[in-house]
Amino acid sequence: MAGVGTPDPNSSWLSDEELAEVRRRLPLLYVEAVPVRVDGMGVVTSVGLLLRANPQGAITRTVVSGRVMFGETIRDSLFRHLEKDLGPIAFPQLPASPIPFQVAEYFPIPGLSPYLDERQHAVSLAYVVPVTGTCEPRQDALELTWMTPAEASSNAVHAEMEGGRGTLLRAALASVGVLG
């Protein structure tokens, strides 16, 4: 049994110190999801964006995102993060085939790609995921805002998103044919 404050050696979770060391040395795998509402024909009618305060206190918009844990499937990770960020009754409809619309590579160095993460080098598999239930943001999200695809792809929303996620959002909308 691990001592107080010591991570379980059989767990897939890392302590803050271990995570900082891993981030310094290795790229990490993430999943990102753009929650959407679709009509009866499967056409995206609304896009859900999370409103959060970043560590500097600025209010930003973002998509569902999180690390894939050791031993966890992509599908399980995607579902876990959707439930964590949108609540247990969001009822995400995961794709039959877990092929992302984009693989985004985040670097801690500006200019190497459109995606920036000052903490680490990360590779993210990005998905558009329809949700059919009630979304009640949890964790550090202040709210979930539903927008039309045109509103979500606007310059104003793009400017509210950090790390290149506005570019990722536009790619998501383009992948489902509703870029505004």
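Residues numbered from 1 in each chain as written. Predicted model: local features only at pLDDT ≥ 70, side-chain atom pairs only at ≥ 80, totals over all residues. Heavy atoms only, no water.

Undergrad: How should the overall build of the protein be read in this particular structure?
TA: If you tally the helices and strands in the protein, you get five helices and eight strands. Written out in order from the N terminus, the α and β elements of the protein read α-β-β-β-β-α-β-β-β-β-α-α-α. Its C-alpha atoms give the protein a radius of gyration of 17 Å, near enough to 16 Å, the size a compact globule of 180 residues would have. Split into buried and exposed, the 180 residues of the protein put 41% on the buried side. Within the protein, counting contacts between residues at least 6 apart in sequence, those at least 24 apart form 64% of the total. Taking the average place of the 14 positive charges on the side chains of the protein and the average place of its 20 negative ones, the gap between the two points comes to 2 Å. (Helix = DSSP H or I, 4+ residues; strand = E, 2+ residues; numbered from the N terminus. Rg over C-alpha atoms; globule rule 2.2 N^0.38 Å. Buried < 20%, exposed > 50% of the residue type's maximum accessible area, 1.4 Å probe, protein only. Contact = heavy atoms within 4.5 Å. Lys, Arg positive; Asp, Glu negative; His and termini not counted. Charge placed at Lys NZ, Arg CZ, Asp CG, Glu CD.)

Undergrad: Is there a simple way to think about helix H2 (residues 74-86) in this case?
TA: Think of an α-helix as turning once every 3.6 residues; residues three or four places apart then point the same way. Its 13 residues give H2 an end-to-end C-alpha distance of 18 Å, which sits within 8% of 18 Å, the value for a rise of 1.5 Å per residue. All of the buried residues along H2 are Ser77, Leu78, His81, Leu82, Asp85 and Leu86. Projected down its long axis, H2 shows its buried positions confined to an angular sector of 130 degrees, all on one face. Looking at the buried residues of H2, the elements they touch are strand S1 (28-38), strand S2 (44-53), strand S4 (64-67), strand S7 (122-130) and strand S8 (141-147). Phi turns positive one or two residues past the end of H2, at Gly87, with a value near 100 degrees. (Expected span 1.5 Å × (residues − 1). Arc of directions from axis to C-beta.)

Undergrad: Would you mind showing me how to read the pairing of strand S3 (residues 59-62) here?
TA: Note on strand geometry: in a regular strand, side chains alternate between the two faces of the sheet. Strand direction decides the pairing type here: S2 and S3, joined by four bridges, are antiparallel. Bridge assignment links Arg52 to a residue of S3, and that residue is Thr60. In this structure, the hairpin formed by S2 and S3 is closed by a connection of five residues, where Gly57 is found at a positive phi of approximately 90 degrees. (Pairing = 2+ DSSP bridges.)

Undergrad: Can you help me understand the nonpolar core in this one?
TA: Generally speaking, soluble globular proteins have nonpolar side chains that are buried together. Leu78, Leu82 and Leu86 are the most contacted members of the largest nonpolar core, which totals 16 residues. Among the secondary structure elements, those contributing two or more residues to this core are S1, H2, S7 and S8. Once you skip the residues sitting within four places of it in the chain, Leu86 turns out to touch Pro35, Leu50, Val64, Val131, Thr134, Cys135, Glu136, Pro137 and Leu144. Of all hydrophobic cores here, the second largest spans 15 residues; its members include Val63, Val128, Met147 and Ala172. (Core = buried A, V, L, I, M, F, W, Y, C linked by side-chain atoms within 4.5 Å.)

Undergrad: Help me out: how do you make sense of the confidence of the model for the protein in this one?
TA: Detailed reading of predicted coordinates is not advised where the pLDDT is low. Here the protein shows a mean pLDDT of 90. Residues at 70 or above account for 93%. Note on residues 1-8: pLDDT under 50 across the span, and six contacts to partners over four residues away in sequence or across chains. (pLDDT = per-residue confidence, 0-100.)

Undergrad: Explain the pattern of salt bridges to me, please; I cannot follow it from the model alone.
TA: For side chains bearing opposite charge, pairing can occur when the charged atoms are close. Counted by the stated rule, this structure contains nine salt bridges. The salt bridge partner of Glu160 is Arg61, with a shortest N-O separation of 2.7 Å. One end of the pair, Glu160, is in the loop between helix H4 (155-159) and helix H5 (165-175); the other, Arg61, is in strand S3, and 99 residues separate them in sequence. Between Arg80 and Glu72 there is a salt bridge; the shortest N-O distance is 2.7 Å. Overlapping salt bridges, with partners in common, bring together Arg52, Lys84, Asp85 and Asp140 in one network. (Salt bridge = Lys/Arg side-chain N within 4 Å of Asp/Glu carboxyl O.)

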